[in-house]
Amino acid sequence: MATYGASNSVLWDSGRRPAPYAPAPAPFYTPARPSSSRTPGAILPPPQQSIYPALPPASQGLPPIAMLDAAGRAVVQQQDGGAAAGKDAFFGPLGQARKTVDDWQVKDAERVPELGDLLNASASSSYALPPNPVWAPFIKRKTVHLPDSLFEQYNLLQCRCAMGLFPEINRAWVTINNKLVLWDYVNGFDSTDIEEEQNVIVSVGLVSPKPGVFVDEIKHVLVTCTPVSVSLLGVAFAPAPSAPAPPAPSQSQSRAPSKVESPELLVYLTGMTVQTDGVEMLAVAGSRTGRVFMCGNDGGLYELRYQAEEGWFRSKCSLVNHSASAYSNLVPSFFKPSKDDPIISLVIDDARNCLYTLSSKSAIELYYLGKYGQGLARVARAAEIGKQATMLCPGSPALDQRAFAIKRIAVVGPLESRSVHLVAITSTGVRLYFTHQRRTYGYYGGASASSTSNAAPTGLELIHVRPPPIPTQLAAAQDPSRPPPAAAAGATSQASGAFSQIETAAYSNGLLLAANPDSEDFDILFGSGPDAGRIGLAAQAGGAGLAGQRPTLIEDAATSVVEGRSWAIAEEPHPLAADNGASLAAFRKGDKGDGPLVNELAHQAAFPPRRFLVLTHMGLSVYAKQRPVDLLRGVLEMSGGREQDVIAFFDNFGREQSCAMALALASGSPLAISLGPDLYPSTSAASAAPGNHFSPDGAGAATAGSITADVALQARRLFYEYGGRPVSIERGYPSAGGSTSDRQVLFSGRHDGLALYLSRLVRPIWKQKVTKLSPTPQNPNCQAPYVSEKVLEAVQRDLAGLQAFLKSNQQLFATNVSADPRDRTDQAAWKAEQASLAAMDLLMTQCIEGISFILLLIDYQLPETIAHCDPALQKQLLGLTYQDLLTTPEGREVARSIVNEVINQQIARQISVDAISEVLQQRCGSFCSADDVLLYKAIENIRKARETRDPAERRDSLRESLRLFNKAARHLSLDKLKEVTAEYRSLRFPTGAIDLPLTCAREWDANEDGLRYWADGMPENDPRKAAYDRRVSCYECIFETLEDANEQLNRAVAARTNGSGDSVEEAEVYRSSTFQRAFEATDPVFHSCLYDWLISKGLKDQLLEIQSPYLESHLLRDPLTLEKCELLWQYWVRRAKYHDAARVLTGLAESTEFPLTLSRRVEYLSLAVSNVKSHQPSRQNVDVEFMTDVEEKLEVAQVQVEVYRAIVEHTELEEDRKAELLALLDQRLFNISELFRDFAEPLQLLDIILLIFHTSDFHEPELVATTWDLLIARAHESAEGGEPHEGVAATVIALGRRFYPSDVAFPLDIVVNMLEKYSYEHQVRAVGWVPFALREAGVPYDAIFAVMDEMFEAQIPPWQTPQASAFLIADIAALLEAWLREATSSGAGAAATLRFPAARIDDAITAYLNALSSGGGGDARVREKLVEIQRAILAKF
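Keep in mind the model is a prediction, meaning the values are calculated, not measured. Numbering of residues starts from 1 in every chain and runs along the sequence as written. Note on the predicted model: pLDDT of at least 70 is required for a residue's local features to be given, and 80 or more for side-chain atom pairs to be given and counted; whole-chain, interface and lining totals, by contrast, use all residues. Remark: hydrogens and water are excluded; side-chain values derive from all non-hydrogen atoms of the structure.

**Details of the overall build of the protein chain**
The secondary structure listing takes helices from DSSP runs of H or I that are at least 4 residues long and strands from runs of E that are at least 2 residues long, numbered from the N terminus. The helix and strand inventory of the protein chain stands at 48 helices and 37 strands. Partitioning the contacts of the protein chain with sequence separation of at least 6, the portion at a separation of at least 24 is 68%. Only the protein chains shown count as covering a residue, and every accessible area follows the Shrake-Rupley method with a 1.4 Å probe. Carbon and sulfur atoms make up 51% of the accessible area of the protein chain, which totals about 61,900 Å². Contact criterion: two residues are considered in contact whenever any of their non-hydrogen atoms come within 4.5 Å of each other.

**Digging into the packing of helix H11 (residues 628-639) against helix H14 (residues 709-721)**
Geometry is summarised by axes, namely lines fitted to C-alpha atoms with helices restricted to the contacting stretch, and by angles between N-to-C directions that run from 0 to 180 degrees. For the pair H11 and H14, interaxial distance at closest approach is 9 Å and the crossing angle is 115°. Compared by their axis directions, H11 and H14 come out roughly perpendicular. Between H11 and H14 the crossing geometry is right-handed. Residue-level contacts link Leu 632, Leu 636 and Glu 637 of H11 to Val 711, Gln 714, Ala 715 and Leu 718 of H14. Nonpolar residues are Ala, Val, Leu, Ile, Met, Phe, Trp, Tyr, Cys and Pro. Charged residues are Asp, Glu, Lys and Arg, and all others, Gly as well, are polar. Its residues placed into classes, the contact of H11 with H14 shows five nonpolar, one polar and one charged. For classification purposes, angles smaller than 35 degrees are called roughly parallel, those larger than 145 roughly antiparallel, those between 65 and 115 roughly perpendicular, and all remaining angles oblique. Crossing handedness is defined as follows: a turn of the near helix away from the far one that is anticlockwise and smaller than a right angle gives a left-handed crossing, while the clockwise case is right-handed.

**Quick look at the nonpolar core**
We define the nonpolar core as a collection of buried residues of types Ala, Val, Leu, Ile, Met, Phe, Trp, Tyr and Cys that are connected through side-chain atoms lying within 4.5 Å of one another. Think of it in three bands: with a 1.4 Å probe and only protein chains considered, a residue is buried below 20% of the maximum accessible area for its type, exposed above 50%, and partly exposed in between. Core analysis: the largest hydrophobic core is formed by 115 residues, its most contacted members being Tyr 507, Leu 792, Leu 799 and Ile 854. Not counting chain neighbours up to four residues away, the residues in contact with Leu 799 comprise Leu 758, Leu 761, Val 762, Met 844, Cys 847 and Ile 848. By size, the runner-up hydrophobic cluster in this structure holds 86 residues, among which are Leu 1225, Trp 1268, Leu 1271 and Ala 1275.

**Some points on the pairing of strand E5 (residues 138-145)**
Most of E5 is tucked away, with seven of its eight residues classed as buried. For two strands to count as paired, DSSP must find a minimum of two bridges between them. The pairing of E5 with strand E32 (residues 619-625) spans seven bridges and is antiparallel. Within E32, the position partnered with His 145 by the bridge is Gly 619.

**What about the environment of His 1254?**
Considering the arrangement of structural elements, one finds His 1254 in helix H39 (residues 1246-1256). Taking the C-alpha atoms as reference points, His 1254 and Val 1304, separated by 50 residues in sequence, lie 5.8 Å from one another. Contact partners of His 1254, with chain neighbours within four places excluded, come to Phe 1299, Ser 1302, Val 1304 and Ala 1305.

**A closer look at the sheet that holds strand E10 (residues 203-207)**
If you walk across this open sheet you meet the four strands as E10-E11-E12-E13, and the pairing is antiparallel. Where the open sheet ends on each side, the last strands, each with one partner, are E10 and strand E13 (264-275). The average angle at which neighbouring strand axes cross in this sheet is 25°, direction not considered. Relative to strand E11 (residues 220-225), E10 runs antiparallel, the two sharing five bridges. Paired with Val 207 across the strands is Val 221, a residue of E11.

Put into structure tokens, the structure is as follows:
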């Protein structure tokens, strides 16, 4: 158990000792007040300027612009050009305030979890009992006694009487035998007597009519049941002269509580009656679709079906027994056996299309009405509920099986819970919660999250048991207004005993009222409802990750005494139920909605208290559920704001919630101080309830719509003293310099209370659409306001009242900041809070003026105005919400476009521009500023220029318009600037088309932030970029003008070719003057953008011919682009600066910033070499060194090209890897070492390795020999067809032709030795293929012979053996034979003959022959060949 007096924690930083209540040095802000009576178009006067310099006044922050469209109509739109900085300063705080409102609305909606999340165990019994009557969850507002005549009839002993409530029509019904009396408890006297029945009335029901059966005026159908028949009566209302027709309060009525008159009730005979064959219908229930269900005393579930006309096989009215077969419907009831467990009551869940029935033995059955509510199928039956409840909640005395009985069942709506669907109330006050979805493992704690809320039911299971509070504690906390037990003579009091005889109870959206007899003349009324404060704090702590803070259901509970024996309890129709229509539609779509209905914290600022009606045989008692703000009001009124009570209140609800409620009371919010619409008369027929602490008739007490000055002062004091102060806390770790890495500002309770209260005030419109479709026969796309005028006016009234209160109580947000300059923490937190408060102030002002704007549109026939707008604008408006309209540039753009149409309609009525601007400024200051007047006059001059035929007058009008536009350039929007320049182009006025954008660029960058950003090289993440972008957007208008001039010339040339069209000379003059006007500009940023534009258009030659002081600096400035660099070296070549051009080209080749291909880089290096060679050297050493460096880079780049080609032709690389390597080679130029290390060596590009050795002059014989060895082996292995040595020969030939006579890449001695060794080891039969391949590769005979002869002489292994020596001699013989043949051929010259070393060869042959003879080996043919060669040498030389 918990009581309000026990404080567990203090949730505000200032502790229990509040800060002094001191005045502040400056006002908070000046509000705008709505007019007392709104005439058509009346709006609020504009607010005065705030003290916060960061926020411009709403009427000056965003001056709109008027412009002409193609049809010559005025077009008004907000600025987004020159005032872009002001726009940021305007919409930036609005965005901050929007986020604040959104965040608090989300917190508000999620503060109280839904019922399924709170019932996270099998049973619970957590109650908070009031320490005094002020904290009671329910208070009795009034008791309206039955009229004397009706009371006398009720007391007649020979009469059969029953009573009940129809709160939908503000009537109580009383049956006296066959007479039905509908008593109007609103005025307390009137009643309607219906005596059409001939038999005793046993039950009565009020249901919704079936669509299409009755006339539209009939909103309800009255069902009267007798033992022999069931009849239908139509119910309608005749509106009273001073009251609206619908008797139930609507959403708009809740905004302005007042005493209303009860409308006249009209009852119509429908002629629809059906016989029951003696079955008495005990209860009636109707669905929203018009179906009527009843339960008979024979235990059957019946449905009454009716239709407008009789059919062939069906009468207008019939009964269907769903508990029996179709055949049994034809058998008279006296032949049917009765059930032992008949149905005694039934309820319908319209949202989920479910029907529940309760039997006399406490069994509950579930029927599913189908997806569209037109079927009926039995789903489940729950019996033995008492035993199940005992298992879930063992040991509870309220679950005694001997007396267990369920007396009432009630639907748990989807907006209260998505997983709990039904609650049953027993005679002992125990609540049993059921779900119609079968549970899974781990149900508790995750029920709502895992359930399918709108799925068809699959079962009926008891999931939670909630006994009432312990009787002794309830007795201790009972209502002091209750008379002592001795007051009822001879009665046995149940004050200290448990509930045991509950017969009448009502459960609605989390609230329970149950009546238990206490004596013959009094009942004890038990009431409970969720403790939103404690539940919210527990949910908040659980969301913060605090252990043990899982929210559970905690309820406020108390008892009260009601006079008489209770017959019925029902909730009064509440405006919140009307708001739930949209939420219910969202539920059926599967959306989450806007929080459960039990969250009265979120709804208390917009709706009056919920009220319940308790009908007894003595009269009607009205009980109101106290909202948290009502509790605070009671604390302040009864105890005068005693600190102990205030601390208990703050502990229970939290600081920000308590501050929000205190602010609502202090500011005099009509709904916060209202106890609900006072519908009940304060006459002799109704008396003020003794438990009502806020008596409307008490002297000096506050009325239902006001509070005393003392209470308002106390609320204001609480708001200030307990609101704390903002603090800055560390969220990270200190850095080395001692500063913190991250700090977070925690706002004060006053700030958060204001934010929360503001979010609640705007909630009724915040996320609502501005308009909705309201089709008419003439316009199927007609739009009408989505929110009613009354709601808009009420929200505006509340906001204006809040602003007025804050202005008159400027000290409420004063904070004592430390004067020590070293203490920056408090100062930073205070500044952050003040900025947020200023943002909320601006938002309030915008809300007030925005509502005034919508009301103005309504006065100016909103549907007709929208119908004339562009279809795209209509579609955009249809999706626009109020939060977007008030806080976003897009929303303001839509508003401005709508203002355009209003202006056009007024212009069409011959109203001058001055008159239009005056109306707009007076009624909608935020949407039309004084600067618009200049713009409208400029529009008029453009219109004159367009309409006149006098060239001089046209010229003067255009110049005057340009002067006016230049004067108001700061407030011109970008879109309208484009329209103006397009208009100037169409009128062939290049001066205006060029000068106006340049003026706007200068005015929109008045602080030259964009210019400095450009001059500093346009660094990244620089806030000045926005100013630069605004400049560029202006220049784009000029570029469009230049493009148009080119196109006009092209069209003229084409037309002259065809023999028609405009004069080419005239077009050429226009083009020249346009470009000349642009070139004469003195804006360096514009020149830079102009050159970039010329480059983008391919006009490079024209650009290089420009003689401008800005061109060279533009080409040299960062960021350097490829096009600029190419233009730069061409620019210098044209001016004979070849050395500079060569450096640019070299830099391009080596750059990594541009996406260049390798071939392009090599091309740049080649051009660089050409240019540096064309340069006349000024410093010989420097120039030669640069030229050498460029030539070497070109040589290495050519190696890189070979690497690229080798990778392309590589067959063993995967395609992805190949693409990666090729892309890498394109990225930059590599040095020779990188090419070897990163490409050639890893990829075994052996020929490229030799090329790298050759290029770098790398002398490493062993590495070269290894490379050649790998080359020969690869050639041997890769030979396809033919002999393998042929592939080796081809490789040698190719490399020899490429590298010979390089002793680095093609060392002849190593190559010949390797080839001969390969031939010997593989026993290649083709004699002489080695020397022949070398000869084909371009190696001379003498070089080959010298190496081979050296090999023979050296006898290096393997040539030391006779066989190897003979193999080598055979190849030498083939070489000598070919050499001799070539030297002695007829084609050989004398020089070739002289170069033949005959003597040396003769000696060598002799040595070869001796070796062959001494070795005893060799081929005889080789010896013969050597002998022949020797003879030929001797013969010819």
